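Structural overview for review
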Amino acid sequence: MTIKKSFETIAVNGVSGGDRRTGAISFPIYQSATFRHNGLNNSTGYDYSRAQNPTREETEKTLASLEGGNEAIGFSTGVAAITACINLFKAGDHVILSDDLYGGTYRLFSETYKEFGLEATFVDTTDTTSIVEAINENTKAMFIETPSNPMMKVTDIKAVAQIAKEHDLLLVVDNTFLTPYYQRPLELGADIVIHSGTKFLGGHHDLLAGFIVANDNNIIERLRRIHMSTGATLSPFDSWLVLRGIKTLHIRLDRAQENTLKVAKFLDNNPKIEKVYYVGLENFDGYELNKKQATGFGATLSFRVKDKSLIEKILNNVKVIRFAESLGGVETLITYPITQTHSEIPEEIKKRLGVDEYLLRLSVGIENVDDLINDLDNAIGK
Ligand SMILES: *Cc1c(COP(=O)(O)O)cnc(C)c1O
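Treat the numbers as computed from the prediction; the structure is a model and nothing was measured.

What follows is about the overall build of the chain. Helix and strand content of the chain: 14 helices and 12 strands. Taking 382 residues into account, the globule formula puts the C-alpha radius of gyration at 21 Å, and the chain, at 21 Å, falls close to it. Each of the three principal axes of the chain carries a C-alpha extent, and together these read 75 × 50 × 40 Å. Per-residue burial over the chain gives 56% buried out of 382 residues. Long-range pairs, those at least 24 residues apart, make up 71% of the contacts in the chain between residues at least 6 apart in sequence. Surface accessibility of the chain: about 17,000 Å² in total, with carbon and sulfur atoms responsible for 48%. In the chain, 41 positive and 50 negative side-chain charges are present, and the distance between their average locations comes to 4 Å.

As structure tokens, this is what we get:
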């Protein structure tokens, strides 16, 4: 009889439950570039670590299992994973993307690969009509983030997957914000899931990593070849750090989310704050839809201040919370999207979205939530 393994059990133990050979509870770090062959045509299954490494393989299999995908592929960064995904396309192909998305993804499509002849259109993917209107003869894929960054707009994954199927397009979902613990896009019809493992999967702001997860063997085979050929693979040590981070993913996320909701409510009730963008607030636009397709809201929120001078005051005066880029770690970070994560997005898009001088983004960690609220209260002032 096979024992059913739930999300938390797989997260804690990994797919192998440690090292079969020695019994080590912690999966070993195979810090080796290359592997000896037992004889001609007799490989151990590992030849060279760019192609595959046992530690990376364990991390990949564990994440694939958590995402409900056949295979995961580990990259050195999230943008390396997105780049590999782009390498599925050729000059003249067209991709439709969410207009509110990670700045680095925007740069890859609007600059780096534009030079190679890849076409990209950025639309509001929360509005399915505008997606359909953007589809051309050469459209090959759609790329969405939900909730989006930094405006937390929620896109209906099932509805977009349906459009993708009807038009024979690939649906790629960047699932960095909610992770498989709260949202599993492959089960909702997506073809490819992308992760910046740097964020919640790693969870401690101490590594860079990226992943692609997919079901279709043909897509996986092509991506594996691209991964091995272009070379931005995840190192054995960083693979191990991600594997270790994943062990506590569920408890970190639950606590961070609990903290985020309290911080969101505090900000929502503060007269100096104009609006809070958090999918966990019942009066927020995407609340119902997100609840339908995900089991959680995550730990990232944005908020708009009424008076611009408050931005500098908050950034200079927070003492527990730190002013730094990135998100998804145990430490709470505050970001100014307009000059940091979204500096490269064109003015007119930022303006349309509301990414302006009044907007701050918080990635809430697992510190004592009263300390976080006091810190904000103090920095905002009376
Ligand atoms: C950070 C981030 C990325 C890029 O990941 P890196 O690991 O920094 O390369 C991609 N997508 C989202 C949503 C992110 O937050």
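Next comes the rest of the write-up.
Ordered in space as E1-E7-E6-E5-E4-E2-E3, the 7 strands form an open sheet in which the pairing is mixed. This sheet does not close on itself; its edge strands, each paired only once, are strand E1 (71–75) and strand E3 (119–123). Mean inter-strand twist for the sheet, computed between neighbouring axes without regard to direction, equals 20°. Bridge analysis of E1 against strand E7 (residues 210–214) gives 5 bridges, and the strand direction is antiparallel. Following the sheet pairing, Ala72 is matched in E7 by Val213.

With that settled, the discussion passes to helix H3 (residues 78–86). Along an α-helix, a turn takes 3.6 residues, which lines up residues three or four apart on a common side. Where burial is concerned, most of H3 is hidden: 8 out of the 9 residues are buried. Three or more residues of H3 are buried, namely Gly78, Ala80, Ala81, Ile82, Thr83, Ala84, Cys85 and Ile86. Two to three positions downstream of the cap, the backbone nitrogen of Val79 sits 3.5 Å from a side-chain oxygen, assigning the N-cap of H3 to Thr77.

Formed by 102 residues in total, the largest nonpolar core has its most connected members in Phe109, Ile192, Leu267, Phe303 and Leu362. Take this core: its biggest share by element is 7 residues, from helix H10 (residues 249–268). When residues are assigned to domains, this core turns out to be shared by domain 1 (7–247) and domain 2 (249–380), each giving three or more. Setting aside anything within four residues of it in sequence, one finds Ile192 in contact with Cys85, Leu88, Leu170, Leu171, Val172, Val173, Leu186, Ile212, Val213, Ala214, Ile219 and Leu223. Formed by 17 residues, the second largest nonpolar core is a distinct cluster that contains Ile96, Ala161, Ile163 and Leu169.

Moving on, we get to the domain arrangement of the chain. Along its sequence, the chain is carved into domain 1 (7–247) and domain 2 (249–380). Distance from the C-alpha centre of domain 1 to the C-alpha centre of domain 2: 25 Å. Between domain 1 and domain 2 we count 1 salt bridge in total. For the salt bridge of Arg352 with Asp99, the shortest nitrogen-to-oxygen distance reads 2.9 Å. Here domain 1 is connected to domain 2 by 21 residue pairs in polar contact (both at pLDDT 80 or more). Secondary-structure elements contributing two or more residues to the side of domain 1 that touches domain 2 are helix H1 (7–13), helix H4 (103–112), helix H6 (157–166), helix H7 (179–182) and helix H9 (236–246). Of the residues contributing to the side of domain 1 that touches domain 2, the split by class is 20 nonpolar, 12 polar and 10 charged.

Bringing the site of the ligand into the picture now. Close to the ligand lie Thr77, Gly78, Val79, Tyr102, Glu145, Asp174, Thr176, Ser196, Thr198, Lys199, Ala209 and Leu327, which account for all nearby residues. Between an oxygen atom of the ligand and a side-chain N or O atom of Ser196, the distance comes to 2.9 Å. Isolated, the ligand exposes 380 Å² of accessible area, and the fraction of that covered by the protein chains is 93%. Among the residues making up the shell around the ligand, the classes are represented as 4 nonpolar, 5 polar and 3 charged.

Here the UniProt feature "modified residue: N6-(pyridoxal phosphate)lysine" (unreviewed entry) sits at Lys199. Residue placement: Lys199 occurs in the loop between strand E6 (192–196) and E7. Each residue touching Lys199, except ones within four places of it in the same chain, is listed here: Tyr102, Thr176, Ser326, Leu327 and Gly328.

Right, let's get into unusual backbone geometry. In this chain, Thr146 is followed by Pro147 through a cis amide linkage whose omega measures -5°. Counting through the fold element by element, Pro147 comes out in the loop between strand E4 (139–145) and H6. Backbone geometry at Asn41 places phi at a positive 60°, although glycine is not the residue there. Take Asn41: it is sitting in the loop between H1 and helix H2 (54–67). By relative accessible area, Asn41 is classed as exposed at 78%.

Here the focus is the pattern of salt bridges. Applying the stated criterion to the full structure yields 13 salt bridges. Its salt-bridge partner being Arg224, residue Glu71 comes within 3.0 Å of it at the nearest N-O pair. Residue Glu71 is found in strand E1, and its partner Arg224 is found in helix H8 (residues 217–230); the two are separated by 153 residues along the sequence. A network of salt bridges, in which partner residues are shared, links Arg56, Glu60, Glu71 and Arg224.

Conventions and cut-offs
Residues numbered from 1 in each chain as written. Predicted model: local features only at pLDDT ≥ 70, side-chain atom pairs only at ≥ 80, totals over all residues. Heavy atoms only, no water. Helix = DSSP H or I, 4+ residues; strand = E, 2+ residues; numbered from the N terminus. Rg over C-alpha atoms; globule rule 2.2 N^0.38 Å. Buried < 20%, exposed > 50% of the residue type's maximum accessible area, 1.4 Å probe, protein only. Contact = heavy atoms within 4.5 Å. Areas by Shrake-Rupley, 256 points an atom, 1.4 Å probe, with all protein chains shown as cover. Lys, Arg positive; Asp, Glu negative; His and termini not counted. Charge placed at Lys NZ, Arg CZ, Asp CG, Glu CD. Pairing = 2+ DSSP bridges. Axes fitted to C-alpha atoms, helices over the stretch in contact; angles between N-to-C directions. Polar contact = N/O pair within 3.5 Å; in protein donor to acceptor, adjacent residues only side chain to side chain. Core = buried A, V, L, I, M, F, W, Y, C linked by side-chain atoms within 4.5 Å. Domains from an automatic or database assignment. Salt bridge = Lys/Arg side-chain N within 4 Å of Asp/Glu carboxyl O. Nonpolar A, V, L, I, M, F, W, Y, C, P; charged D, E, K, R; others polar. Near = heavy atom within 4 Å. UniProt positions renumbered as here; feature names shortened; annotations may be inferred.

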